[in-house]
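Each chain, letter by letter, is given below.
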Amino acid sequence: MKLTKTLKTLALALVATLSMGSIADAGCGWTGTFSGTPTSKTVPQSYKYVVNAINNNNACRTGAFTTYGAAIAVSGHSQYAYSNIPQGLINTLKEAESYGHRISDIHITESGKYIVIFADNAFSGVGAPQGMYDSIAEIRGKRDTILSACFNDYGEYIIVTEETIYYSLRNGGENYLRRARAEYGTILHASMTNNSAVFCCANGVYLMNAPTNLKQGLNSVNFIPRVVKYTDQGAYLITDGVSTYYYWL
């Protein structure tokens, strides 16, 4: 996979601890750096409706969560449950559902900006950096396929496609991309916050300044994660990209 560098200006703050790694008996391979540990399981009440939907469906493929309480979970082709998400995103989801489009990925930032990828590289976003929109246009022109797309409130972004990765990260961010690929193979999905990033690769997970309690989730799953959605306060959802899931929500 070729790593395509677009911009290299703003960056993730690396206040991480020493690099750590593990392969648990029931878990997947992972390594990377971590931030502090949440002291208790405190999550927004708005998560409750979405968590109940996940449990009732007994399936989850992807989703998005913020510390301020936005929450969405997607299962199957385009089934979804949400709480406290931007109205524009709700409208896009309903339109995608009405046309039978598959929802590929969703990301919401802490300031309520968002992007959703659906159908054949169709997208809708509010507040994403212009470089990200330019990269999506290039991807669509090449008829590549977007696997995941995320950005933060500092203008950084990562787009993972079947062919390559488009990104804009601050000092050292691209080194984590290289380490992730060297350690665990092809990067298949990326998620990020204002302070961290997580890369799901073909053979394991690479973490950049992630919340420490993600270790417990990665050590508990009996599948290789294809999607990890999380907040810097430690809430997380891990899935196999199809239906199997594990969460701390």
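Fair warning: this is a prediction, and the values are worked out from it, not measured in the lab.

About the criteria used
- Residues numbered from 1 in each chain as written.
- Predicted model: local features only at pLDDT ≥ 70, side-chain atom pairs only at ≥ 80, totals over all residues.
- Heavy atoms only, no water.
- Salt bridge = Lys/Arg side-chain N within 4 Å of Asp/Glu carboxyl O.
- Helix = DSSP H or I, 4+ residues; strand = E, 2+ residues; numbered from the N terminus.
- 1 Å grid on protein atoms, 1.4 Å probe; cavity = no way out; pocket = protein on both sides within 12 Å on 5 of 7 lines; lining within 4 Å.
- Points joined across faces, edges and corners; volume = space filled by probe spheres on them.
- Nonpolar A, V, L, I, M, F, W, Y, C, P; charged D, E, K, R; others polar.
- Pairing = 2+ DSSP bridges.
- Axes fitted to C-alpha atoms, helices over the stretch in contact; angles between N-to-C directions.
- Contact = heavy atoms within 4.5 Å.

Student: Before we go on, may I ask you to explain the pattern of salt bridges in this structure?
Tutor: Pairing between side chains becomes possible if they bear opposite charge and their charged atoms approach one another. For the coordinates displayed, the defined rule picks out four salt bridges. A salt bridge links Glu138 to Lys142; the nearest nitrogen and oxygen atoms lie 2.9 Å apart. Placement of the pair is Glu138 and Lys142 together in helix H3 (residues 130–142), with a separation of four residues, close to one helical turn.

Student: How do you make sense of empty space enclosed by the protein when you look at a structure like this?
Tutor: Rolling a probe over the atoms, with the probe sized like a water molecule, indicates the empty space that remains. Under the definition given, this model contains one cavity of 30 Å³ or more. By volume, the largest cavity amounts to about 150 Å³. Surrounding the largest cavity, 17 residues form its lining, Phe65, His107, Ile108, Met192 and Tyr230 being those nearest its centre. Taken together, the elements giving at least two residues each to the lining of the largest cavity come down to strand S4 (62–65), strand S7 (103–108), strand S13 (187–192) and strand S16 (227–230). When residues of the lining of the largest cavity are assigned to their parent elements, the largest contribution, three residues, is made by S7. Of the residues assigned to the lining of the largest cavity, the class counts are seven nonpolar, eight polar and two charged.

Student: Looking at this model, I keep getting lost on unusual backbone geometry. Mind explaining?
Tutor: Residues apart from glycine generally show negative phi values, whereas peptide bonds are mostly found in trans. Not every positive phi belongs to a glycine, and Asn121 is a case in point at roughly 65 degrees. With respect to the helices and strands, Asn121 occurs in the loop between strand S8 (114–118) and strand S9 (122–126).

Student: What exactly am I supposed to notice about the layout of surface pockets here?
Tutor: Its boundaries defined by the atoms lining it, the largest pocket holds a volume of some 310 Å³. Arg61, Arg102, Ser104, Ile146 and Leu147 are the residues nearest the centre of the largest pocket, which is lined by 17 residues in total. Counting residues per element, the ones that place at least two in the lining of the largest pocket are S7, strand S10 (146–151) and S13. Here the residues of the lining of the largest pocket are counted per class, giving six nonpolar, six polar and five charged.

Student: Please clarify how the sheet that holds strand S5 (residues 71–75) should be interpreted in this entry.
Tutor: Either a parallel or an antiparallel arrangement is found when strands of a sheet pair, and the pairing is made through backbone hydrogen bonds. An order of S4-S5-S6 is seen for the three strands of this open sheet, with the pairing classed as antiparallel. The outermost strands of the open sheet, each flanked by one partner alone, are S4 and strand S6 (79–83). Averaged over neighbouring strand pairs, the angle between their axes works out to 5 degrees when direction is ignored. Here S4 runs beside S5; their pairing, made up of four bridges, is antiparallel. Within S5, the position partnered with Ala64 by the bridge is Ile72. Across the sheet, helix H2 (residues 87–98) touches S5 and S6, and the angle it forms with S6 is around 165 degrees.

The analysis is restricted to geometry; functional conclusions fall outside its scope.
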